[in-house]
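Take a look at the letters that make up each chain.
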Amino acid sequence: MNKLRLILDTNIFLVSLSPNYKYNWIYLALIQNKYDLVVSNEILTEYQEQITKRYGLSITDASLDYLLLLPNVILKNPSYLWQLVENDKDDNKFVDCYVASQSDYIISNDLHQIKDNKFPQIAVLRYEEFEQEYKIRFATNKTIT
């Protein structure tokens, strides 16, 4: 069986990096190979821009270099753009990567309105839903399928 395959919205990824935030378990589970993280070049660029603003350039380069070395980080660049997010076009990169990679969920507190889409169906979990369902399972299992 394959591991759980996730797309992390930039805000979720950013706060998961800091050990001072409750979200840090998501990053720790990633580096412990508990799930697969799917990113595109466009998502990585946004991660880098936002990490640079928050933490500074040298930390950004180190974080993203390390991220790309993890065996459970999958680079997937979509060849088709669905344009399903109307209210914030910049968020389409997450949906497009989700569809192209056949991921299980997008973890986001911003994209919940996309759940009603008929085709393609998009599974979005808000942070609270994701934490309730997976935090304990990640702590007790080697991988989640």
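Residues numbered from 1 in each chain as written. Predicted model: local features only at pLDDT ≥ 70, side-chain atom pairs only at ≥ 80, totals over all residues. Heavy atoms only, no water.

In this section: the pairing of strand S1 (residues 5–8). With two bridges connecting them, S1 and strand S2 (residues 36–39) associate as parallel partners. Residue pairing across strands places leucine 6 opposite leucine 37, the latter belonging to S2. As paired strands, S1 and strand S4 (residues 105–107) are joined by three bridges and run parallel to one another. Looking at S4, one finds that leucine 6 is bridged to tyrosine 105. (Pairing = 2+ DSSP bridges. Helix = DSSP H or I, 4+ residues; strand = E, 2+ residues; numbered from the N terminus.)

Every α-helix winds through 3.6 residues per turn, so residues three or four apart in the chain are directed the same way. By the criterion of burial, helix H2 (residues 24–31) is predominantly enclosed, with six of the eight residues buried. Just downstream of H2, asparagine 33 is the residue with a positive phi angle, here 65°. (Buried < 20%, exposed > 50% of the residue type's maximum accessible area, 1.4 Å probe, protein only.)

Across the sheet, five strands lie side by side as S3-S2-S1-S4-S5; this open sheet has parallel pairing. Every interior strand has two partners, whereas the edge strands, strand S3 (73–75) and strand S5 (124–125), have only one.

Next up on the list: the packing of aromatic side chains. For the structure on display, the rule yields eleven aromatic pairs. Centroid distance phenylalanine 13 to tyrosine 47: 4.1 Å. Interplanar angle 5°. Geometry classified as stacked. Of this pair, phenylalanine 13 sits in helix H1 (residues 10–17) while tyrosine 47 sits in helix H3 (residues 41–55), and the two are 34 residues apart along the sequence. Of the two residues, phenylalanine 13 and tyrosine 47, neither departs from the other in class, the shared state being buried. Between the aromatic rings of tyrosine 23 and tyrosine 127, the centroid separation amounts to 4.1 Å while the plane-to-plane angle is 45°, which identifies the pairing as tilted. Of the two residues, tyrosine 23 is situated in the loop between H1 and H2 and tyrosine 127 in helix H6 (residues 127–140); the sequence distance between them amounts to 104 residues. Accessibility expressed as a relative area gives 15% for tyrosine 23, which makes it buried. Residue tyrosine 127 is classed as buried on the basis of its relative accessible area of 0%. Ring-pair connections join several aromatic residues into one group, and the members of that group are Tyr23, Trp25, Tyr35, Tyr105, Tyr127, Phe130, Tyr134 and Phe138. Sitting over the face of the ring of tyrosine 23, lysine 22 holds its NZ or CZ atom 5.7 Å from the ring centroid. (Phe/Tyr/Trp six-rings, centres within 6.5 Å; stacked < 30°, edge-to-face > 60°. Lys NZ or Arg CZ within 6 Å of the ring centre and 35° of its normal.)

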